[in-house]
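The residues making up each chain are set out below.
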Amino acid sequence: MSAAAPGTPATVALTTAGIPFTGHTYEHADTATNFGEEAAALLGLDDDQVFKTLVVQADAELVVAVVPVSGRLDLKALAAAVGAKKAALADPALAQRRTGYIVGGISPIGQKTALTTVVDETAELYDTVFVSGGRRGFDIEISPADLARATGATFAAIARP
């Protein structure tokens, strides 16, 4: 963890599990609404390597989808990946309650309630990817394999351009 990395449930979970990561902070603008694109721009990264965390209602279960900020979540593909009939984005207030994070700072790691997690398979193209570190203005750089290990995630084709 870098000296600038704040202590969040995500960094605590990774540190406790002995999973290596690097924290990256940036100055979040209160007017920003596309948090992943903001992170990519301010950290000087390719949008394909920065991933957003979305909480989805898949049938009766909440599921976490992790997709590149350059694309969109394919809800049908996610539903198929988790064996659900249909999927829709979860209510933001419910997502916040179940994960323990605020919208724009939801990390796939260290959530209050462990949820089934699916990471888009394009993550495996990179040595490291960037995901929210648990607050706006903070991303974690982590290998895709370590991200899967930290979250119990599977990889599937769940994003579209």
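None of these values were measured; they are calculated from a predicted model.

Scoring rules and cut-offs
- Residues numbered from 1 in each chain as written.
- Predicted model: local features only at pLDDT ≥ 70, side-chain atom pairs only at ≥ 80, totals over all residues.
- Heavy atoms only, no water.
- Helix = DSSP H or I, 4+ residues; strand = E, 2+ residues; numbered from the N terminus.
- Rg over C-alpha atoms; globule rule 2.2 N^0.38 Å.
- Buried < 20%, exposed > 50% of the residue type's maximum accessible area, 1.4 Å probe, protein only.
- Contact = heavy atoms within 4.5 Å.
- Pairing = 2+ DSSP bridges.
- Axes fitted to C-alpha atoms, helices over the stretch in contact; angles between N-to-C directions.
- Salt bridge = Lys/Arg side-chain N within 4 Å of Asp/Glu carboxyl O.
- Core = buried A, V, L, I, M, F, W, Y, C linked by side-chain atoms within 4.5 Å.

Engineer: Explain the overall build of the protein to me, please; I cannot follow it from the model alone.
Structural biologist: Helix and strand counts for the protein come out as five helices and 10 strands. The globule rule puts the C-alpha radius of gyration for 161 residues at 15 Å, and the 14 Å found for the protein is close to it. Based on the C-alpha atoms only, the size of the protein along its principal axes is roughly 45 × 30 × 30 Å. A buried classification covers 47% of the 161 residues belonging to the protein. Once local pairs closer than 6 in sequence are excluded, the contacts in the protein between residues at least 24 apart make up 61%.

Engineer: How should the environment of alanine 13 be read in this particular structure?
Structural biologist: Checked against the element boundaries, alanine 13 lands in helix H1 (residues 9–17). Along the sequence, alanine 13 and glycine 23 sit 10 residues apart, while their C-alpha atoms lie 13 Å from each other.

Engineer: What exactly am I supposed to notice about the sheet that holds strand S1 (residues 22–25) here?
Structural biologist: In a beta sheet, neighbouring strands pair by backbone hydrogen bonds and run either parallel or antiparallel. Across the sheet, three strands lie side by side as S1-S8-S7; this open sheet has antiparallel pairing. Across the chains shown, the open sheet's two edge strands, defined by having one partner strand only, are S1 and strand S7 (129–135). For this sheet, the mean angle separating the axes of adjacent strands, direction not counted, is 35 degrees. Here H1 sits on the sheet in contact with S7 and strand S8 (138–142), set at roughly 25 degrees to S8.

Engineer: Can you walk me through unusual backbone geometry in this structure?
Structural biologist: Positive phi outside glycine occurs at aspartate 59, with the angle close to 55 degrees. Within the fold, aspartate 59 resides in the loop between strand S2 (51–58) and strand S3 (61–68). You can call aspartate 59 partly exposed: its relative accessible area is 37%.

Engineer: I would appreciate a short explanation of helix H5 (residues 144–151) in the present structure.
Structural biologist: Given 3.6 residues per helical turn, the α-helix brings residues three or four places apart onto the same face. Of all the positions in H5, only Pro144, Asp146, Leu147, Ala148 and Thr151 are classed as buried. The inward-facing, buried residues of H5 contact strand S6 (116–120), S7, S8 and strand S9 (154–156). In the stretch just after H5, glycine 152 is the one whose phi turns positive, near 70 degrees.

Engineer: Which parts of the structure should I look at to understand the sheet that holds S3?
Structural biologist: Strands sit in the order S5-S2-S3-S6-S9 across an open sheet of five strands; the sheet is mixed. Each having just a single partner strand, strand S5 (87–89) and S9 make up the two edges of the open sheet. Each strand of the sheet is rotated relative to its neighbour by a mean of 35 degrees, with strand direction disregarded. Pairing geometry for S6 and S9, over three bridges, is parallel. Residue pairing across strands places aspartate 120 opposite alanine 156, the latter belonging to S9.

Engineer: So what exactly am I meant to see when it comes to the pattern of salt bridges here?
Structural biologist: Where side chains of opposite charge bring their charged atoms close, a pairing between them can arise. According to the stated counting rule, one finds one salt bridge in the structure shown. We note a salt bridge from arginine 149 to aspartate 146, for which the minimum N-O separation is 3.2 Å. One end of the pair, arginine 149, and the other, aspartate 146, are both in helix H5, three residues apart, so they sit about a helical turn from each other. Owing to a relative accessible area of 14%, aspartate 146 belongs among the buried residues under this scheme.

Engineer: Could you clarify how one ought to interpret the nonpolar core in this entry?
Structural biologist: Inside soluble globular proteins, nonpolar side chains tend to come together where they are buried. Judged by nonpolar contacts, the single largest core of 25 residues is most densely connected at Leu14, Val55, Ile109, Val131, Ile140, Ile142 and Leu147. Of all the secondary-structure elements, those providing two or more residues to this core are H1, S2, S3, S7, S8 and H5. Residues Val63, Leu73, Val118 and Ile158 belong to the second largest nonpolar core, which totals 13 residues.

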